[in-house]
Amino acid sequence: MPEIGETLREARMRRRIDMTEVETATKIRGKYLRALENEEWDLLPGPTFVKSFLRTYAEYLGLDARLLVEEYRQRYERPSTQDLTPFSARRPPKRRRRAPLASLGPILVIAGIVVVLLVSLYLLGTIGQDDETPAPPTKASQTPAPTPAKKKKSKSDSRAPARPREVRLRLVATGPVYVCLVDGDGKQVIDEQTLATGTRTPVYKSRLFRTNFGNDNVRMLVDGKSYSVEPSSDPIGYVVRPGRDPRRLSNAARPDCSA
């Protein structure tokens, strides 16, 4: 099968369509369209965006989008951890054998005898207690014990330690990664950029941050503590707050710098 980029380019040239027309019709930026035709996958935000852009571009040109996406998966997409797990390693759990009912007969007889003995001992104990008359309480026993004085809690003891109002965040790219970073005021600190391997951003400060990563090639330094990003085939979002570990966001809660 011809190369993916070559197939897209020949179809566009055959229909005599300019790149600006494709950008207007598909709502995909021209730099991403040119990256698809040149098969420069590192310039795209991540595998999920590549497949989405490739499907939209192919359908616009009248090509078989499913065939091109499948060709990209086989050539360039890394298999997930579940695909690499051999089936032989997964063994069905062993079923426990039920004990035959016939073997429970002696156990039930012994349990019945024990219950009868316990009931008999209980009845004998209650009869003996009824025969004894309790001694009258003495004056010493009637005097209530003094209650210990309660210590007054100072205001400083009742107050919980105040949480920091700002969080410091720095990103370190361990490989090419698409980044969208929004602070607590809705300001786009990093606006839809692809960071190169080894890039260290400045330290940003805000009451919270929301992130959107194209892949897991990035580490987050939150108040000096390093956090790795969970691998995923979909775009990855996190929220970072003061005094807390970064929390994973759902797809609907991730920020969108391109909006």
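As shown above, the structure is provided for reference.
Conventions and cut-offs
- Residues numbered from 1 in each chain as written.
- Predicted model: local features only at pLDDT ≥ 70, side-chain atom pairs only at ≥ 80, totals over all residues.
- Heavy atoms only, no water.
- Patch = residues over 30% accessible without salt bridge, like charges linked within 9 Å, V, L, I, M, F, W, Y side chains within 5 Å.
- Areas by Shrake-Rupley, 256 points an atom, 1.4 Å probe, with all protein chains shown as cover.
- Salt bridge = Lys/Arg side-chain N within 4 Å of Asp/Glu carboxyl O.
- Helix = DSSP H or I, 4+ residues; strand = E, 2+ residues; numbered from the N terminus.
- Core = buried A, V, L, I, M, F, W, Y, C linked by side-chain atoms within 4.5 Å.
- Buried < 20%, exposed > 50% of the residue type's maximum accessible area, 1.4 Å probe, protein only.
- Contact = heavy atoms within 4.5 Å.
- Phe/Tyr/Trp six-rings, centres within 6.5 Å; stacked < 30°, edge-to-face > 60°.
- Arc of directions from axis to C-beta.

So, about a nonpolar patch on the surface. Nonpolar side chains collect at one region of the surface, where Ile 110, Val 114, Leu 118, Leu 121 and Leu 124 lie side by side and expose about 530 Å² of accessible area between them. Its place among the elements puts Leu 118 in helix H7 (residues 105-131).

Let us now look at the nonpolar core. In this structure, Ile 4, Leu 8, Leu 36, Trp 41, Leu 44, Leu 54 and Tyr 57 are the most contacted members of the largest nonpolar core, which totals 23 residues. A per-element tally of this core places helix H4 (residues 47-61) first, with six residues. Dropping the residues within four chain positions of it, Leu 44 is found in contact with Tyr 32, Ala 35, Leu 36, Val 50 and Phe 53. Residues Leu 171, Phe 209, Val 218 and Val 222 belong to the second largest nonpolar core, which totals 20 residues.

Attention shifts here to the packing of aromatic side chains. Inspection of the entire model under this criterion finds six aromatic pairs. Three or more aromatic residues joined by ring pairs form one cluster here, namely Tyr 32, Phe 49, Phe 53 and Tyr 178.

We now examine helix H1 (residues 4-14). Those residues of H1 that fall on the buried side of the exposure criterion are Ile 4, Gly 5, Thr 7, Leu 8, Ala 11 and Arg 12. Viewed along the axis of H1, the buried residues span an arc of 165 degrees, placing them on a single side of the element. Of the residues in H1, the exposed ones pointing more than 90 degrees away from the buried face are Met 13 and Arg 14. Lining the buried residues of H1 we find helix H2 (19-26), helix H3 (30-38), H4 and helix H5 (65-76).

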